[in-house]
Amino acid sequence: MKVVKDVFRKIGAIGLVLSLSTFALLAESKDEYIEMVKGNSEAPIKIVEYASFTCPHCATFHSEVFPNLKREYIDTGKVYFIYREVYFDAPGLWAGLLARCAGPEKYFGLVELLYDKQKKWTSGSSEQEIVKGLVAIGSQVGLGNDQISNCLRNKEKALNLVKSFQENTKKDSVSSTPSLLINGDLHSNLAYEVLKEKIDSLLD
């Protein structure tokens with residue numbers, strides 16, 4: 001518990017990387033935005049998923065749909081997959097900062113953990129309890145407490161993520177999660193059977 005308090009104290013100095021409503025008033029970030037991707041960039045189909053780490057439907061998508069999509073289409077070179085975060089709330093942004101904390105090579109592993117344990121870490125009754133849950137998830141992939149606190153208080157990174165989220169969702173007319181852009185066509189949450197049918201029709 002002391003570790004969690006120490007992490008919370010460090011990031012609390014800047015208001016847990018501030019609230020989402022504050023970002024519009026801040027200077028533009030200079031931090032580089034890195035797109036998180038899987039698969040063959042030359043694949044005939046490109047799927048962009050827009051999702052929020054605090055969205056229950058997104059967690060269901062990642063437990064019931066994404067594993068099949070990965071096995072049948074991403075790993076076989078038929079689909080190039082891009083994951084873009086949507087921030088409905090501050091905890092979703094903190095989770096995004098944590099997901100990028102260990103670099104691109106561990107990003108999707110952290111994404112999986114964040115969704116698998118979503119009910120637990122989002123159920124915290126206070127900011128401190130939510131941070132406690134995120135610290136526990138980061139520890140599972142070998143992140144140290146100082147590394148986690150540095151990631152969660154990285155204002156420059158937070159500004160960059162929010163700016164990219166706002167630009168991408170506006171450009172692609174995304175208003176709900178999960179949303180999927182399949183070769184440029186926007187779809188709301190899809191069951192795997194429906195998604196498979198759409199992909200196969202494009203591959204014919």
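A quick note: this is a predicted structure, and the numbers were derived from the prediction, not measured.

The rules behind each value
- Residues numbered from 1 in each chain as written.
- Predicted model: local features only at pLDDT ≥ 70, side-chain atom pairs only at ≥ 80, totals over all residues.
- Heavy atoms only, no water.
- Core = buried A, V, L, I, M, F, W, Y, C linked by side-chain atoms within 4.5 Å.
- Buried < 20%, exposed > 50% of the residue type's maximum accessible area, 1.4 Å probe, protein only.
- Contact = heavy atoms within 4.5 Å.
- Helix = DSSP H or I, 4+ residues; strand = E, 2+ residues; numbered from the N terminus.
- Pairing = 2+ DSSP bridges.
- Disulfide = S-S within 2.5 Å.
- Axes fitted to C-alpha atoms, helices over the stretch in contact; angles between N-to-C directions.
- pLDDT = per-residue confidence, 0-100.
- Expected span 1.5 Å × (residues − 1).
- Arc of directions from axis to C-beta.

A short note on the nonpolar core
Grouped together as the largest cluster of nonpolar side chains are 63 residues, with contacts concentrated most on Ile47, Phe53, Leu69, Tyr83, Leu114 and Leu195. The residues contacting Tyr83, other than those within four sequence positions of it, are Met36, Glu49, Ala51, Phe53, His62, Tyr107, Phe108, Val111 and Tyr115.

Some words on unusual backbone geometry
Pro178 follows Thr177 through a cis peptide bond whose omega is -10°. Of note, Pro178 is situated in the loop between helix 9 (155–171) and strand 4 (179–182). The backbone of Ser173 shows a phi angle near 55°, a positive value even though the residue is not glycine. Secondary-structure assignment places Ser173 in the loop between helix 9 and strand 4. The class of Ser173 is exposed, set by a relative accessible area of 55%.

Notes on the pairing of strand 3 (residues 79–85)
In terms of burial, strand 3 is a largely internal element, 7 of the 7 residues being buried. Covered by surrounding structure in strand 3 are Val79, Phe81, Tyr83 and Glu85 together with Tyr80, Ile82 and Arg84, the residues of both alternating faces. Where strand 1 (residues 36–38) lies against strand 3, 3 bridges are found, and the strand directions are antiparallel. Its bridge partner being in strand 3, Lys38 is matched across the sheet by Phe81.

With respect to the state of the cysteines
Enumeration over the complete set of coordinates arrives at 1 disulfide. Here Cys101 engages in a disulfide with Cys151; their sulfurs sit 2.0 Å apart. Measuring handedness by torsion sign, the sulfur bridge of Cys101 and Cys151 sits at about 85° and is right-handed. With Cys101 in the loop between helix 4 (90–99) and helix 5 (104–116) and Cys151 in helix 8 (residues 145–152), this pair connects stretches of sequence that are 50 residues apart. Taken as a pair, Cys101 and Cys151 share a single burial class, namely buried.

Topic: the sheet that holds strand 2 (residues 45–51)
The mixed open sheet is built from 5 strands, whose spatial order is 1-3-2-4-5. The sheet terminates laterally at strand 1 and strand 5 (185–187), the two strands that pair on one side only. On average, each strand axis in the sheet is inclined to that of its neighbour by 20°, with strand direction left out of account. Where strand 2 meets strand 4, 4 bridges bridge the pair, whose relative direction is antiparallel. What sits directly across from Tyr50, in strand 4, is Ser179. On the sheet, helix 10 (residues 192–203) packs against strand 2, strand 3, strand 4 and strand 5 and is oriented at approximately 155° with respect to strand 2.

As for the confidence of the model for the protein
Should pLDDT be low for a region, the predicted coordinates there are not to be read in detail. With 84% of its residues at a pLDDT of at least 70, the protein reaches an overall mean of 87. pLDDT under 50 marks residues 1–18. Its contacts with residues more than four places away, or in other chains, come to 40 contacts.

Section: the environment of Val37
Counting through the fold element by element, Val37 comes out in strand 1. As a C-alpha pair, Val37 and Ile47 span 10 residues in sequence and 9.9 Å in three-dimensional space. Discounting chain neighbours no more than four positions away, the residues touching Val37 are Tyr80, Phe81, Ile82 and Phe108.

Looking at helix 10
For helix 10, with 12 residues, the first-to-last C-alpha span of 16 Å sits near the 16 Å given by 1.5 Å per residue. Within helix 10 the residues assigned to the buried category are Tyr192, Leu195 and Ile199. Down the axis of helix 10, the smallest arc covering the buried residues is 65°, so these residues share one side. In helix 10, the exposed positions that point more than 90 degrees away from the buried face belong to Glu193 and Glu197. Among the structural elements, strand 2, helix 3 (66–74), strand 3 and strand 4 are those in contact with the buried residues of helix 10.

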